[in-house]
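# Summary of structural features
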Amino acid sequence: FLPHLVASLEQVEETYIMVKPDGVQRGLVGEIISRFEKKGFKLTGLKLFQCPRDLAEEHYKDLKSKSFFPKLIEYILSGPVVCMAWEGVGVVASARKLIGSTDPLQAEPGTIRGDLAVQTGRNVVHGSDSPENGKREIALWFKEGEVCQWTSAQAPWLRE
Ligand code: UDP
Ligand code: MG
């Protein structure tokens with residue numbers, strides 16, 4: 001009975017979460033980190049970073065043809081961002097739910113964007129949209145040695 005599906009549900013994933021420059025400027029870094037911490041995911045990478053243009057463009061390369069691409073890049077370069085790597089079973093899809101819809105006015109109350117933002121162009125946070133992109137983006141934003149593998153003391157209290 002679909003054993004491959006059950007196995008994939010148990011797969012530990014990684015996601016790249018980033019507090020965008022508006023989130024940093026508005027003092028929302030602690031609030032945003034806290035939501036992922038309290039949920040029960042494991043932080044494996046964290047840094048404040050003023051990103052170079054080529055990195056921002058590479059990160060959003062799938063959106064290169066969109067009319068909003070130049071403004072998006074200026075937004076991401078407009079101040080430091082907080083780069084994070086988070087790990088856990090189901091973390092990619094769950095983080096997207098915690099973040100909420102791209103347009104903060106459509107995002108449900110209780111989500112980060114639903115609670116803390118009002119416009120798509122200032123939606124305070126990024127989260128990877130697939131496990132593959134999670135790995136790709138963490139490799140893009142973090143150097144060798146910046147991501148930390150550790151065992152959380154909470155692990156047996158979070159998963160049976
Ligand atoms: N964005 C925008 N205008 C749009 C769509 C997207 O400025 O019409 C920006 C917004 O900051 C968004 C980012 O581009 O978070 C990436 O877009 P995507 O569709 O991947 O949304 P996300 O995955 O961040 O929800
Ligand atoms: Mg996206």
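For clarity, every value in this text was computed on a predicted model and none was experimentally measured.

## So, the overall build of the protein
The secondary structure content of the protein amounts to 9 helices and 4 strands. Counting from the amino terminus, helix and strand elements in the protein follow one another as α-β-α-α-β-α-α-β-α-α-β-α-α. Expected size for 160 residues packed as a compact globule is a radius of gyration near 15 Å; at 16 Å, the protein falls within 12% of this value. Per-residue burial for the protein yields a buried fraction of 43% across its 160 residues.

## Remarks on the UniProt feature "binding site: ATP" (unreviewed entry) in the protein
Mapped onto the present numbering, the UniProt feature "binding site: ATP" (unreviewed entry) falls at Lys20, Phe68, Arg96, Thr102, Arg113 and Asn123. The subset of the named residues that lines the largest pocket consists of Lys20, Phe68, Arg96, Thr102, Arg113 and Asn123. Turning to its location among the elements, Phe68 is positioned in the loop between helix H4 (53-59) and helix H5 (69-77). With relative accessibility at 40%, the residue Phe68 sits in the partly exposed group. As for its placement among the helices and strands, Thr102 is situated in the loop between helix H6 (91-99) and helix H7 (112-116). On the basis of relative accessible area, Thr102 is assigned to the partly exposed category, the value being 45%. Not counting chain neighbours up to four residues away, the residues in contact with Thr102 comprise Arg113, Thr120 and Asn123.

## Quick look at the packing of aromatic side chains
Applying the stated rule across the entire model yields 4 aromatic pairs. Ring centres 6.3 Å apart and planes at 80° place the aromatic pair Tyr16 and Phe142 in the edge-to-face group. Highlighted residues: Tyr16 in strand S1 (residues 12-19) and Phe142 in the loop between helix H8 (131-141) and helix H9 (155-158), separated in sequence by 126 residues. The buried category is assigned to Phe142, whose relative accessible area is 7%. Pairing Phe36 with Trp86 gives two aromatic rings, centres 5.6 Å apart and planes at 35°, and the pair type is tilted.

Rules used in this analysis
Residues numbered from 1 in each chain as written. Chains lettered and ligands numbered in written order. Predicted model: local features only at pLDDT ≥ 70, side-chain atom pairs only at ≥ 80, totals over all residues. Heavy atoms only, no water. Helix = DSSP H or I, 4+ residues; strand = E, 2+ residues; numbered from the N terminus. Rg over C-alpha atoms; globule rule 2.2 N^0.38 Å. Buried < 20%, exposed > 50% of the residue type's maximum accessible area, 1.4 Å probe, protein only. UniProt positions renumbered as here; feature names shortened; annotations may be inferred. 1 Å grid on protein atoms, 1.4 Å probe; cavity = no way out; pocket = protein on both sides within 12 Å on 5 of 7 lines; lining within 4 Å. Contact = heavy atoms within 4.5 Å. Phe/Tyr/Trp six-rings, centres within 6.5 Å; stacked < 30°, edge-to-face > 60°.

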